[in-house]
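Now for the letters of each chain:
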Amino acid sequence: MLQGEDELKRAICFACSSQAGVLAEVRNGRVVELRGEPDHYLNKGWLCERAYAFIEHLYHPERLNYPLKRVGERGEGRWERISWDKALDEIAEKLREIKERYGAEAVATTGGTGRGHQETFKKRFMNLFGSPNTANAGQWCAINSYLVETAVYGFLTRYKAGPHPAKCIVIWGQNPDQSRPCEFRRLMELKKAGSKFIVIDPRRSETVEKLADRWLQIRPGTDAALALGWINVIIEEELYDRDFVEKWCFGFERLKERAREYPPEKVSRITWIPEREIVESARMYATVKPASIRWGLRTDIGRNATSNIHAKAILRAITGNLDVFGGDMLYGPCEKANYGFPFEYTELLPPQQRGKQLGADRHKLWTWLGYQLIHDATKSYWYGKGCVFSYAPACHEPDVWRAILTGKPYPVKAVICGGNNPVVDYPNSRLVYKALKSPNLELFVVLEQWMTPTAMLADYVFPVANWLEMPVVHMSTLDGLTNFVAAGEKTVEPLYERKPDYYFYQGLGLRLGQEKYWRKTLEEEWEYLLKPLMEELGVKSYEEFARKIRWWFPPLEEKKYEKVNPETGKPRGFATPTGKVELYSTILEKLGYDPLPHYEEPPETPVSNPKLAEEYPLILITGARFRPFHHSEHRQLSTLRRLWPEPTAEIHPDTARRLGVKDGEWVIIENPRGKIKHKAKLTTRVHPRMVSVQHGWWFPEEIPEDPVLFRAFESNPNVFTSDEDEYCDPPTGAAAFQPYLCKVYPARKYTLKP
Ligand SMILES: Nc1nc2c(c(=O)[nH]1)N[C@H]1C(S)=C(S)[C@@H](COP(=O)(O)OP(=O)(O)OC[C@H]3O[C@@H](n4cnc5c(=O)[nH]c(N)nc54)[C@H](O)[C@@H]3O)O[C@H]1N2
Ligand SMILES: Nc1nc2c(c(=O)[nH]1)N[C@H]1C(S)=C(S)[C@@H](COP(=O)(O)OP(=O)(O)OC[C@H]3O[C@@H](n4cnc5c(=O)[nH]c(N)nc54)[C@H](O)[C@@H]3O)O[C@H]1N2
Ligand SMILES: [Mo]
């Protein structure tokens, strides 16, 4: 581009996982303005405040610009600059040595929401290196949900308004007003057009206020009981789709028996939702058609995660809302892409390494065994390639830290952390900290945009690009979640020595005998991935695809299971071992888990532990999303921080009065495992017996060096979330960010002696 020339680039926002279309005005090689892409299918010209803040993010003086190598002790903050090449040489050498001494499984990775296309390339590197120990946030966030759904009906579901809107929409444990603002705008349109909404949330969230025709104020952690109660009402009142159940469902009689254990009066006692509301909402969901269930994080986590997800899948099926327009449409990976094996090489992980996956003995759906069963069942269906998720199979995240500290079941000696801030965001974050500081850990590498509490503990830190500095693609192989493709241009070359994460994994791969499997550039990887689609569309290069095509959707087709397979002359059915929707899951049964959903009281509630509740009487939930931040990110950006300067805890005014807590004052929230500090926000949004605290808080403006670490443990509820087995979901290992017991008192009592 010539000096003085303006250029318009078409990017895809990666400030969360929503993928809004962004137009970037570039002047003299500098991004000067961002705008929503007017005709983009998702955001239609609109952007949230976080997307706009990315110009500040791009040019922020505190961004990491050069690779760093630690020279002092871990956490001391003494670094020297090093080149990418030299750092990669040293790390490759160290990984080779660790593999020789302890085996490849002694190397683990951690990840978050897949920023910078992390998980795909991490997975490729680890499969080829020979380690099964990739840990990631998908274990408790969405990906475990997709695994359970795929086990039950062989496909994924995704809510899409499309040309056939749902008449009834259930929003279950999700607050899209804050967590998915682009999609939320579409939901508002549906509301205006007359769709009915049921919102299930212990808080009167923004979504409850703006959308709900019915709000079920559920006791945290009891969703499985409610879902089973709905199933009970729907079966007992014969509101189910008899025809679909007879033809296409497996295990209905056994489900019926199980559901009898959950009559409305019992479910009301468990969930604190009045019996009448349970019955009426179940009737509404079952009779206002088509209906769709949107789910959020809250049903993916904790002790009942698999039962929650399984019960939700059952509800969709027995009401005849599965794979019908306006209901929950089924889909598989994108057919027109080289997804799966030729991209991640999962099957090249040697068989003797698969069984070594940390947690494989206890969390069998999340690890190799479960993956294998699901993969085999879906294989004939999905273009011979089966279900593939970059995030799974993966190891049980909490086991990584224990293996570092105890050497059991074998030592973990190196950790690569990319796109993730586990010292703040992972459950039991003090244990994460302890493991990362341990002398047992011989190598800790972090790929980051900023110095964070986690990066402070690293031996090497690599500076990575943000989404304005790299080509972005969203599609199935990258997250296992979409069958369509969306692509964005890089708007400027990465500044300083920043690079997309890809070049780290590729650089290591090239040094460790993986030359055959890595291409020269990230753009070439995308061209290979999208080759079938590009050929069909007559597009020559990635740049052309990102500029001209932007996004591509497969044709929308309903009742795909009825389509006749030409080879057998029979309907194709569902991609499960029985070919039906498995209300009774043969995969869960084979793995030794309950084949039907059930409800179990979480380990730390007034019901399961009344004695503890005497001292800690309030029910604590953590991490309800709030704009403008994404998890632990963006506190450095002044335009956003101004909108939300400090952590806040929602407390009911009646409760606050009783506790002597005033609005806006600092309070201590204490649990047997620790205490944190938030500012009290008195609001009737929360139930008088509940407190809601935020997650992700650390303070980039504070002292970086250990032990202060930007005050990473002062307002971070993960100092008292547990990652012990008794709190986790057995099949998937999903940890619990809630519910817990706590007490709250003004901070002045704690800090100032009169
Ligand atoms: N108590 C509690 N804890 C929670 C939750 C909760 O509800 N309550 N929610 C959990 C959930 S669902 C999730 S998904 C996790 C998320 O946990 P994390 O994945 O740790 O989330 P982020 O804070 O977004 O961390 C991303 C880090 O990567 C950096 N980053 C951003 N983009 C890129 C990139 O392109 N490449 C690289 N290498 N780095 C990048 C950011 O600067 C940031 O430090 O948090 C979990 N933690
Ligand atoms: N602004 C912003 N947006 C984000 C993120 C972010 O950090 N910030 N993170 C992204 C990620 S990775 C994720 S996973 C999503 C998560 O986003 P969502 O799926 O929307 O989940 P949350 O906001 O964590 O919780 C949604 C609602 O569930 C309620 N809730 C709490 N406990 C329970 C319960 O036991 N049962 C039920 N039924 N409801 C409960 C909370 O009160 C809250 O209103 O957000 C994504 N979008
Ligand atoms: Mo998440």
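Structure: see above.
Bear in mind that the values here come from a model prediction, so they are computed numbers and not experimental data.

The environment of ligand 1 is made up of 33 residues, and the closest members are Asp-425, Glu-448, Asp-501, Ser-632 and Glu-633. Within the complex, 98% of the 930 Å² of free accessible area of ligand 1 lies under protein. For the shell around ligand 1, the residue count by class is 10 nonpolar, 16 polar and 7 charged.

In this section: unusual backbone geometry. Put simply, Lys-408 and Pro-409 share a cis peptide bond, and its omega is 0°. With respect to the secondary-structure elements, Pro-409 resides in the loop between α18 (397-406) and β15 (414-418). In this structure, the amide linkage connecting Gln-738 to the following residue, Pro-739, adopts the cis form with an omega of -10°. With respect to the helices and strands, Pro-739 occurs in the loop between β28 (690-693) and β29 (740-746). Even without being glycine, Trp-272 reaches a positive phi, approximately 70°. Looking at the secondary structure, you find Trp-272 in the loop between α12 (264-271) and α13 (275-287).

With that settled, the discussion passes to the packing of helix α9 (residues 223-236) against helix α11 (residues 252-260). Put simply, α9 and α11 touch, their axes get as near as 9 Å, and they point 115° apart. Where α9 crosses over α11, the handedness of that crossing is left-handed. Only Phe-252, Leu-255, Lys-256, Arg-258, Ala-259 and Arg-260 of α11 make contact with α9, whose side of the interface consists of Leu-228, Ile-231, Asn-232, Ile-235 and Glu-236.

For the coordinates displayed, the defined rule picks out 0 disulfides. No disulfide involves Cys-16; its sulfur sits 6.4 Å from the nearest other cysteine sulfur, which is in Cys-13. The exposure class assigned to Cys-16 is buried, which follows from its relative accessible area of 12%. We note that Cys-417 lacks a disulfide partner, and the nearest cysteine sulfur, in Cys-395, lies 13 Å from it.

Turning to helix α7 (residues 181-192), a few remarks are in order. With 12 residues, α7 extends 17 Å between its outermost C-alpha atoms, agreeing within 8% with the 16 Å of an ideal straight helix rising 1.5 Å per residue. Every buried residue of α7 is listed here: Pro-181, Cys-182, Glu-183, Phe-184, Arg-186, Leu-187 and Leu-190. Gly-194 sits one or two positions beyond α7 and adopts a positive phi of about 110°.

So, about the packing of aromatic side chains. According to the stated counting rule, one finds 42 aromatic pairs in the structure shown. Between Trp-140 and Tyr-426, the aromatic rings sit 5.2 Å apart at their centres with planes inclined by 85°, giving edge-to-face as the arrangement. Within this pair, whereas Trp-140 is found in the loop between β7 (134-136) and α5 (143-153), its partner Tyr-426 is found in the loop between α19 (422-425) and α20 (429-437), the two being separated by 286 residues in sequence. For the pair shown, Trp-140 and Tyr-426 are each scored as buried. By way of ring pairs, the aromatic residues Phe-121, Phe-343, Tyr-502, Tyr-503, Trp-518, Trp-526 and Tyr-528 are connected into one cluster. Sitting over the face of the ring of Tyr-381, Arg-572 holds its NZ or CZ atom 4.0 Å from the ring centroid.

With that settled, the discussion passes to the site of ligand 2. The immediate surroundings of ligand 2 are formed by 32 residues, with Asp-201, Arg-298, Phe-629, His-631 and Gln-738 found nearest. Take Ile-200: an N or O atom from its main chain is 3.1 Å from a nitrogen atom of ligand 2. The contact in question runs from an oxygen atom of ligand 2 to an N or O atom on the backbone of Gly-221, over 2.8 Å. Its free accessible area being 910 Å², ligand 2 has 97% of it covered by the protein chains. Within the shell around ligand 2, the residues separate by chemical class into 11 nonpolar, 13 polar and 8 charged.

With 159 residues, the main nonpolar core has Leu-95, Trp-230, Ile-318, Trp-467 and Phe-504 as its most contacted residues. Sort the elements by how many residues they give to this core and α9 lands first, with 10 residues. Dropping the residues within four chain positions of it, Leu-95 is found in contact with Val-107, Phe-125, Phe-129, Ala-414, Ile-416, Leu-443, Leu-508 and Leu-512. Ranked by size, the runner-up nonpolar core spans 62 residues in total, among them Val-400, Val-446, Val-691 and Phe-720.

All right, on to the packing of helix α3 (residues 84-102) against helix α22 (residues 502-511) then. What describes two packed helices is the angle between their axes and the distance between those same axes. It is the contact of α3 with α22, at a shortest axis distance of 9 Å, that shows an interaxial angle of 55°. When the interaxial angle is binned, α3 and α22 end up oblique. Crossing hand, α3 versus α22: right-handed. Residues Trp-84, Asp-85, Leu-88, Asp-89, Ile-91, Ala-92, Leu-95 and Arg-96 of α3 lie in contact with α22, whose contacting residues are Tyr-503, Phe-504, Gly-507, Leu-508 and Arg-511. For the contact of α3 with α22, a count of residues per class yields 8 nonpolar, 1 polar and 4 charged.

Before going further, it helps to examine the sheet that holds strand β5 (residues 79-81). With mixed pairing, the 7 strands of this open sheet are ordered in space as β5-β4-β17-β16-β15-β6-β7. A single partner strand is all that each edge strand has here, and the edge strands are β5 and β7. In this sheet, adjacent strand axes meet at a mean angle of 20° when their direction is disregarded. Note: strand β6 (residues 107-111) against β7, 3 bridges, orientation parallel. In the sheet register, Gly-111 faces β7, and the bridge partner there is Asn-136. Most of the contacts of helix α4 (residues 118-129) go to β6, to which it runs at about 170°, and overall it touches β6, β7, β15 and β16 (443-448).

Within the structure shown, the criterion is met by 69 salt bridges. Arg-219 is paired through a salt bridge with Glu-601; the nearest N and O atoms lie 2.9 Å apart. Pair noted here: Arg-219 is in the loop between β11 (214-216) and α9 and Glu-601 is in the loop between α26 (586-590) and α27 (610-615), with a separation of 382 residues, a long-range link. Asp-328 is the salt-bridge partner of Arg-316, the closest N and O atoms lying 3.0 Å from each other. Linking Arg-316 in helix α14 (residues 305-318) with Asp-328 in the loop between α14 and β14 (329-331), this pair joins segments that are 12 residues apart in sequence. Judged by its relative accessible area of 1%, Arg-316 falls in the buried class. Residue class for Asp-328 comes out buried when judged on its relative accessible area of 1%. Overlapping salt bridges bring together Arg-203, Arg-204, Glu-206, Glu-209, Glu-650 and Arg-685 as one network.

As a further point, take the sheet that holds strand β1 (residues 6-12). Taking strand neighbours across the sheet as the criterion, the 3 strands line up as β1-β2-β3 in an open arrangement whose pairing is antiparallel. The open sheet is flanked by β1 and β3 (30-36), the only strands paired with a single partner. Taken pair by pair, the neighbouring strands of this sheet meet at an average axis angle of 30°, ignoring direction. Judged from the 7 bridges that link them, β1 and strand β2 (residues 21-27) form a sheet pairing that is antiparallel. In the sheet register, Arg-10 faces β2, and the bridge partner there is Leu-23.

Rules of the game
In this convention, every chain numbers its residues from 1, walking through the sequence in written order. In the order they appear in the text, chains get letters beginning with A and ligands get numbers beginning with 1. With pLDDT at 70 or above as the cut-off, local features in this predicted model cover only qualifying residues; side-chain atom pairs require 80 or more to be listed or tallied, and sums for whole chains, interfaces and linings still use all residues. Hydrogens are left out, water is left out, and the side-chain values use all remaining heavy atoms of the structure. Near is defined per residue: the residue qualifies when any heavy atom it owns lies within 4 Å of the molecule or strand. All accessible areas in this document rest on Shrake-Rupley with a 1.4 Å probe, and a residue is counted as covered only by the protein chains that are shown. When residues are grouped by polarity, Ala, Val, Leu, Ile, Met, Phe, Trp, Tyr, Cys and Pro land in nonpolar, Asp, Glu, Lys and Arg in charged, and all others, Gly among them, in polar. To qualify as a helix, a DSSP run of H or I must reach at least 4 residues; to qualify as a strand, a run of E must reach at least 2; elements of each kind are numbered from the N terminus. Fitted lines through C-alpha atoms give the axes, limited to the stretch in contact for helices. The angle between two N-to-C directions lies from 0 to 180 degrees. For a crossing to be left-handed, the near helix must be turned anticlockwise from the far one by less than a right angle; the clockwise case is right-handed. Throughout, a contact is declared for two residues whenever any of their heavy atoms are within 4.5 Å. Note on disulfides: each one is a pair of cysteine sulfur atoms within 2.5 Å. The buried label goes to any residue with under 20% of its type's maximum accessible area, the exposed label to any with over 50%, and the partly exposed label to all in between, with areas taken from a 1.4 Å probe on protein chains only. Here a helix's expected span is defined as the number of its residues, less one, multiplied by 1.5 Å. A pair of Phe, Tyr and Trp rings is counted when the ring centres sit within 6.5 Å of each other, with Trp represented by its six-membered ring. The angle between the planes then sorts it: under 30 degrees is stacked, over 60 is edge-to-face, the rest tilted. Only when the NZ atom of a Lys or the CZ atom of an Arg is both within 6 Å of the ring centre and within 35 degrees of the ring normal do we say a charge sits over the ring. Contacts described as polar in this section are N or O atom pairs within 3.5 Å, which, within protein, must combine one atom able to donate a hydrogen with one able to accept it, while residues neighboring in sequence count only if both atoms come from side chains. As used here, the term nonpolar core means buried Ala, Val, Leu, Ile, Met, Phe, Trp, Tyr and Cys residues forming a set that is joined through side-chain atoms within 4.5 Å. Every angle not falling under 35 degrees, over 145, or within 65 to 115 is termed oblique; those three ranges are roughly parallel, roughly antiparallel and roughly perpendicular. Criterion used throughout: strands pair if DSSP finds at least two bridges between them. By definition, a salt bridge exists where a carboxyl oxygen of Asp or Glu is found within 4 Å of a side-chain nitrogen of Lys or Arg.

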